[in-house]
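Read off the chains here:
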Amino acid sequence: MLDLRDEHFPINLEQMMGPIMQQFKEIETCIECSAANLVEVAEVFYYAQKAVLHPTAPLFDQESQTLKPRCIRALKRIFILSDHDKDSALNDNELNQFQVKCFSAPLQPNETEDVKRVVKDNLPQGINHLGLTLDGFLYLHSLFIAKGRLETTWTVLREFGYNDDLELRKENLPVPSEKAPDQSVELTSIAVDFLKGVFSLNDSNKDGALQDFEVDELFSTAPESPWDEDPYKDSVERTEQGDVNLSGFLSQWALMTLLDPPQSLAYLIYLGYTGDLAKAIRVTRKRSVDFRKQYTDRQVFQCFVFGPKHAGKSALLTSFVERPFQDNYSLTSGQSYTVNTVDQPRGIKKTLILHEVQECDVKILLSSNDSLAACDVAVFVYDSSDEFSLKRASKLLMEVARKGEDSGYGVPCLLIAAKNDLNLYPMAIKDSEMICQAVKINAPIRISVKDKYMNNVFQKIVTTAQQCHLSVPETEHGRNKKRYRQLVNRSLILASVGAAIAIVALAAYRAYACRKTKSAR
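This brings us to the overall build of the chain. When helices and strands are tallied, the chain shows 18 helices and 14 strands. When the 521 residues of the chain are sorted by exposure, 42% land in the buried category. The long-range share in the chain, meaning contacts at least 24 apart out of those at least 6 apart in sequence, stands at 69%. In the form shown here, the chain has an accessible surface area of approximately 28300 Å², with 54% of it arising from carbon and sulfur atoms.

Okay, here's the thing in structure tokens:
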């Protein structure tokens, strides 16, 4: 465009672009160039490359001229990691180590003093008698960005593992790549001990529970709190004051590790975990192997909760985390989970995750061959006062059982008769027991969430999950498949035996013929 400008076509670039750049703050640079005359062409490519490699948008809000929240959180984590003596300030030695790590060059003594002087002159609280404070560290980076030296901040961020979204690069996380569908991921005792320490450190009043502001501070070095949205929001038990105790805190981590192992690993790092990440998680044995060995060493079990509308599924989930019973019915939307620990004999605790599956979502769920692979136990909830509710729950049970038989991921199942406080219809008990007998699972567990009569239902669910070889329902379709396999196996055995006898007879005949030939000579 520059080559077209002359006295007949005058253009004032500043007047033309100024209002546009004022309206759209994300426009960082405007360059006038001429490809025909090779004027400022190199600068165009330089600024284009800079916009891609060192973008401003993730770091800086042009409107308010401040660092963005994610940038502040990332830099705070980097500051804490660089503060080796944990005195909330970077001394000269720590500043020098930081400089060498990020830029492979040490700071000269006069350079260190110049940096500290600039901070002190513009932000007095940025320097104290111990060194550069967090406020000072953030000020320096806002200064770099304001002066167009974004490559400085980006070099620091990338050295500490961040991508352009200011999240840790997933490719650097040791997530198991060859996990079978019926294997799950759990935290190890090493990671649990670390999280207990983090909990204690952030429990400022030492009351054994974290208030909301303490949880916010705990995740202040992460991009955001992972538990503000579904499926983690409202998934754990809280105290009367609405705080999260240690059991709920660890349960929420167990849920996140099961559903999203990469996110769980990343958040361990955000919180300051510096150990071997490969030792922070464990992949469980295949459930099919557990079934054959009739034993499982899993610490976390996922239970799919099926049932028709109005059966009491949501009430079961909320009661698991000690939330009060609600008389008003509300339709659950989206993915719904609750998680808690369940006491077992000999003081053993297991973590149970309840996953509510809406009736309208069952068809979509079962359309996948691996749909039941992640399920350790399934329960089918029905309204014990409603005959249609039992029939619908029974149909769902059959659909799941058949899917398990076809896919090879059969799961132990339980029938739960909810709303036991209401009047049962005349044949309720007999009908439900006949259904259980037909598919060879345990008798229904009768509960009333409203009357707080839970009949040890959660302990029974965990026990059923642990005894994974029992209570797996059998349909007529499954029995026929089993009989067919047995018939095929028997035929193969008979054929193998027959072939072996024929081979032995042939060998004996050849030996006999050989001896007869020798004797004739």
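There's more to say after this.
So, about the nonpolar core. Among the nonpolar cores identified, the biggest contains 68 residues, and Leu-59, Ile-78, Leu-157, Phe-219, Phe-249, Trp-253 and Leu-268 are the most heavily contacted of them. When residues of this core are assigned to their parent elements, the largest contribution, 7 residues, is made by helix α6 (residues 134–146). With sequence-adjacent residues up to four places away left out, Leu-59 is seen in contact with Thr-66, Leu-67, Lys-68, Cys-71, Ile-145, Leu-150, Thr-153, Trp-154, Leu-157 and Leu-166. Formed by 27 residues, the second largest nonpolar core is a distinct cluster that contains Leu-372, Ala-378, Leu-396 and Val-411.

By the criterion of burial, strand β13 (residues 413–418) is predominantly enclosed, with 6 of the 6 residues buried. Where burial is concerned, the two faces of β13 agree: the one with Cys-413, Leu-415 and Ala-417 and the one with Leu-414, Ile-416 and Ala-418 are both buried. Pairing analysis gives 2 bridges linking β13 to strand β14 (residues 445–446), with the strands arranged parallel. The residue bridging Ala-417 from the neighbouring strand is Arg-446, located in β14.

Packing of helix α5 (residues 109–122) against α6 leaves a shortest axis separation of 10 Å and a crossing angle of 95°. Relative to α6, α5 is oriented roughly perpendicular. Residues Val-115, Val-118, Val-119 and Asn-122 of α5 pack against Gly-136, Tyr-139, Leu-140 and Leu-143 of α6. Each residue belonging to the contact of α5 with α6 can be placed in one class, and the counts come to 6 nonpolar, 2 polar and no charged.

To continue, consider the side chain of Glu-214. Tracing the backbone shows Glu-214 in helix α9 (residues 212–218). No salt bridge is formed by the buried Glu-214; its nearest oppositely charged neighbour, Lys-206, is found at 8.2 Å. Looking at Glu-214, its side chain comes within polar contact range of the main-chain nitrogen of Gln-211, at 2.7 Å. Setting aside residues no more than four positions away along its own chain, Glu-214 makes contact with Asn-202, Asp-203, Ser-204, Asn-205 and Ala-209.

Looking now at the sheet that holds strand β11 (residues 349–356). Taken in spatial order, the 6 strands make up an open sheet running β10-β11-β9-β12-β13-β14, and their pairing is mixed. Two strands lie at the open edges of the sheet, namely β10 (336–343) and β14, each paired on one side alone. Packed onto the sheet, helix α10 (residues 246–259) meets β9 (300–306), β10 and β11 and runs at close to 125° relative to β10.

For the structure shown, the criterion picks out 14 aromatic pairs. Ring centres of Phe-79 and Phe-137 lie 5.6 Å apart, and the angle between their planes is 55°; this geometry places the pair in the tilted category. Within this pair, whereas Phe-79 is found in helix α3 (residues 69–82), its partner Phe-137 is found in helix α6, the two being separated by 58 residues in sequence. Here the two residues Phe-79 and Phe-137 agree in accessibility, since each one is buried. Here a set of aromatic residues connected by ring pairs shows up, and it is made of Phe-199, Phe-219, Trp-227, Phe-249, Trp-253, Tyr-267 and Tyr-270. Looking at Lys-101, its charged tip hangs above the ring of Phe-160, at a distance of 5.0 Å from the centre.

Here we take up the pattern of salt bridges. Under the criterion given, the structure shown has 19 salt bridges. Close ionic contact of Lys-419 with Asp-383 constitutes a salt bridge, the shortest N to O distance being 3.8 Å. One end of the pair, Lys-419, is in the loop between β13 and α16 (428–439); the other, Asp-383, is in strand β12 (residues 377–383), and 36 residues separate them in sequence. Among the charged side chains, a network of salt bridges with common partners joins Arg-285, Asp-290, Arg-298 and Asp-376.

Right, let's get into α3. Along its 14 residues, α3 runs 20 Å from first to last C-alpha, staying within 8% of the 20 Å computed at 1.5 Å per residue. Residues Cys-71, Ala-74, Leu-75, Lys-76, Arg-77, Ile-78, Phe-79 and Ser-82 constitute the buried set of α3.

Attention now moves to a negative patch on the surface. Together, Asp-216, Asp-228, Glu-229, Asp-230 and Asp-234 line one region of the surface with negative charge. Relative to the elements of secondary structure, Asp-216 occurs in helix α9.

Turning our attention to the confidence of the model for the chain. When pLDDT is averaged across the chain, the result is 88; 90% of the residues are at 70 or more. Considering each helix and strand of the chain separately, the mean pLDDT is smallest for helix α18 (residues 476–520), with a value of 68, and largest for β9, with 98.

The next subject is the packing of α10 against helix α11 (residues 261–270). A pair of packed helices can be characterised by two numbers: the angle between their axes and the separation between those axes. Remark: α10 packs on α11, axes separated minimally by 5 Å, with the N-to-C direction vectors making an angle of 130°. Relative to α11, the element α10 is oriented oblique. For the pair α10 and α11, the contacting residues are Trp-253, Met-256, Thr-257, Leu-258 and Leu-259 in the first and Pro-261, Gln-263, Ser-264, Tyr-267 and Leu-268 in the second. In terms of residue class, the contact of α10 with α11 is made up of 7 nonpolar, 3 polar and no charged.

Definitions and cut-offs
- Residues numbered from 1 in each chain as written.
- Predicted model: local features only at pLDDT ≥ 70, side-chain atom pairs only at ≥ 80, totals over all residues.
- Heavy atoms only, no water.
- Helix = DSSP H or I, 4+ residues; strand = E, 2+ residues; numbered from the N terminus.
- Buried < 20%, exposed > 50% of the residue type's maximum accessible area, 1.4 Å probe, protein only.
- Contact = heavy atoms within 4.5 Å.
- Areas by Shrake-Rupley, 256 points an atom, 1.4 Å probe, with all protein chains shown as cover.
- Core = buried A, V, L, I, M, F, W, Y, C linked by side-chain atoms within 4.5 Å.
- Pairing = 2+ DSSP bridges.
- Axes fitted to C-alpha atoms, helices over the stretch in contact; angles between N-to-C directions.
- Parallel < 35°, antiparallel > 145°, perpendicular 65-115°, else oblique.
- Nonpolar A, V, L, I, M, F, W, Y, C, P; charged D, E, K, R; others polar.
- Lys, Arg positive; Asp, Glu negative; His and termini not counted.
- Salt bridge = Lys/Arg side-chain N within 4 Å of Asp/Glu carboxyl O.
- Polar contact = N/O pair within 3.5 Å; in protein donor to acceptor, adjacent residues only side chain to side chain.
- Phe/Tyr/Trp six-rings, centres within 6.5 Å; stacked < 30°, edge-to-face > 60°.
- Lys NZ or Arg CZ within 6 Å of the ring centre and 35° of its normal.
- Expected span 1.5 Å × (residues − 1).
- Patch = residues over 30% accessible without salt bridge, like charges linked within 9 Å, V, L, I, M, F, W, Y side chains within 5 Å.
- Charge placed at Lys NZ, Arg CZ, Asp CG, Glu CD.
- pLDDT = per-residue confidence, 0-100.

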